[in-house]
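Residues per chain, in single letters:
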Amino acid sequence: MVVCFSALAGAAEKLPHIVILATGGTIAGSAAANTQTTGYKAGALGIDTLINAVPELKTLATISGEQVANIGSENMTSDVLLTLSHRVNALLARDDVDGVVITHGTDTLDESPYFLQLTVKSDKPVVFVAAMRPATAISADGPMNLYGGVKVAADKNARGRGVMVVLNDRIGSARFISKTNASTLDTFKAPEEGYLGTIVGDRVYFNNRLDKIHTTRSVFDITGVKTLPRVDIIYGYQDDPEYMYDAAIAHDVKGIVYAGMGAGSVSKRSDAGIRKALNQGIVVVRSTRTGSGVVPPDASQPGLVSDSLNPAKSRILLMLALSKTHNADVIQDYFHSY
Ligand code: DAS
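Quick caveat, the model's predicted, so the values are computed rather than measured.

**Q** Could you give an account of the nonpolar core, with specific residues and numbers?
**A** Within the largest apolar cluster, 50 residues are counted, with the highest numbers of intra-cluster contacts made by Val 88 and Leu 116. In this structure Leu 116 touches Leu 84, Ser 85, Val 88, Ile 102, Val 126, Phe 128 and Val 163, once residues within four positions along its chain are discounted. With 29 residues, the next largest nonpolar core counts Ala 28, Ile 47, Val 127 and Met 164 among its residues.

Okay, structure coming up:
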């Protein structure tokens, strides 16, 4: 009988080097009282404070930290996104960097990760973490989310999964995850597609891989890009007015995302407004305001369709698409593929 022994037990493995980039948000938020979970100042604490609050990070990885911004994510802009993605690409190109964790606000955490999903040219892990309670609150969720995010980034099975979002012990994909509740700890969900995995105890469990193009296979390259084409979102609702499109045209937007009713349905007034924008050479993509599901092609309605991208993610993709092409067929294929 042959008894196989595992490799030398206890061989000290070199810890991965994970760089934490801070951008602000509630995870860095501070309030006057530890029972205060609203009305606090986001982006009040620096990266060193966040890292020093979780000394256990050092058991997972060799940690270094940089402050890219310190803002509420409602104030995140395309300029900061370009700076962030350029910095992530530069770091991941280095042999001595094994992954990046980014601390960020939750309000636009369905946008920034998707932008990096499309522009980071590495299969090394990029993990966003955030918090629903400020760092000063009783049972603040930020420190454990940061610990979970570094644990995921340091995991040997994390490569090649696209940009991930870790909160509340769940691992979401940048392509599908969105904030589904204004205030609860479990707000980040992907109603139709679920999570990539979960963290239970000291283990990371990956259950799914993404069937969409991302990171190293993405055609979007922001090398040397300093600004992105202007794309705005117009919401569809009862009595929605045509003049919203007039305003967009007057401000020389290059793209419009329509946050449509149901599967992207267009009222008579929005139909007129969208066709007017199309006649001005503006690319229009119909998404859905419902929060999940697919907007399918429909020749009876104007514009391209967003597939299963929500309006905010559709805007991110359309900005990058318009920085490459105005060909409607090519852009439509991007929405079905990324
Ligand atoms: N302060 C808001 C933000 O920065 C909310 C948060 O982070 O949770 O997005």
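**Q** Tell me about the packing of helix H5 (residues 243-250) against helix H6 (residues 268-279), and please be specific about residues and values.
**A** H6 packs onto H5 with a crossing angle of 15° between their chain directions and a minimal axis gap of 8 Å. Looking at the two axes, H5 sits roughly parallel to H6. Crossing of H5 against H6: the hand is right-handed. For the pair formed by H5 and H6, the contact residues are Tyr 245, Asp 246 and Ile 249 on the first element and Ser 270, Gly 273, Ile 274, Lys 276 and Ala 277 on the second.

**Q** Requested: an account of the site of the ligand, with residues and values cited.
**A** In the region of the ligand, the neighbouring residues are Gly 25, Thr 26, Ala 42, Gly 72, Ser 73, Glu 74, Gly 105, Thr 106, Asp 107 and Ala 131. In the environment of the ligand, an oxygen atom lies 2.8 Å from a nitrogen or oxygen atom belonging to the side chain of Thr 26. Note that an oxygen atom of the ligand is positioned 2.5 Å from one of the side-chain N or O atoms of Thr 106. Protein chains bury 93% of the 260 Å² of accessible surface belonging to the ligand in isolation. Partitioning the shell around the ligand into residue classes produces 2 nonpolar, 6 polar and 2 charged.

**Q** Summarise the sheet that holds strand S9 (residues 197-200); cite the residues concerned and give the values.
**A** Read from one edge to the other, the open sheet built from 8 strands follows the order S2-S1-S3-S4-S5-S6-S9-S10, with strand pairing classed as mixed. Of all strands in the sheet, those bounded by a partner on one side alone are strand S2 (62-71) and strand S10 (203-206). Taking the axes of each pair of neighbouring strands and ignoring which way they run, one obtains an average angle of 20° across the sheet. Two strands pair when backbone bridges link them, and strand S3 (residues 99-103) and strand S4 (residues 126-129) are joined in this way by 4 bridges, in the parallel orientation. Residue pairing in the sheet places Ile 102 in a bridge with Phe 128 of S4. Here helix H3 (residues 112-119) sits on the sheet and contacts S3, S4, strand S5 (164-167) and strand S6 (170-173); the angle it forms with S4, its principal contact strand, is near 175°.

**Q** Summarise the pairing of S9; cite the residues concerned and give the values.
**A** The side chains of a regular strand alternate between both faces of the sheet. Residues Gly 197 and Ile 199 line the buried face of S9, whereas the alternating positions Thr 198 and Val 200 sit on a face that is not buried. Two elements, S6 and S9, share 2 bridges in a ladder whose sense is antiparallel. In the sheet register, Ile 171 faces S9, and the bridge partner there is Gly 197. Taken together, the 4 bridges between S9 and S10 define a ladder with antiparallel strand orientation. Each bridged residue has a counterpart across the sheet, and for Val 200 the counterpart in S10 is Arg 203.

Rules used throughout
Residues numbered from 1 in each chain as written. Predicted model: local features only at pLDDT ≥ 70, side-chain atom pairs only at ≥ 80, totals over all residues. Heavy atoms only, no water. Core = buried A, V, L, I, M, F, W, Y, C linked by side-chain atoms within 4.5 Å. Buried < 20%, exposed > 50% of the residue type's maximum accessible area, 1.4 Å probe, protein only. Contact = heavy atoms within 4.5 Å. Axes fitted to C-alpha atoms, helices over the stretch in contact; angles between N-to-C directions. Helix = DSSP H or I, 4+ residues; strand = E, 2+ residues; numbered from the N terminus. Parallel < 35°, antiparallel > 145°, perpendicular 65-115°, else oblique. Left-handed = near helix turned anticlockwise from the far one by under 90°. Near = heavy atom within 4 Å. Polar contact = N/O pair within 3.5 Å; in protein donor to acceptor, adjacent residues only side chain to side chain. Areas by Shrake-Rupley, 256 points an atom, 1.4 Å probe, with all protein chains shown as cover. Nonpolar A, V, L, I, M, F, W, Y, C, P; charged D, E, K, R; others polar. Pairing = 2+ DSSP bridges.

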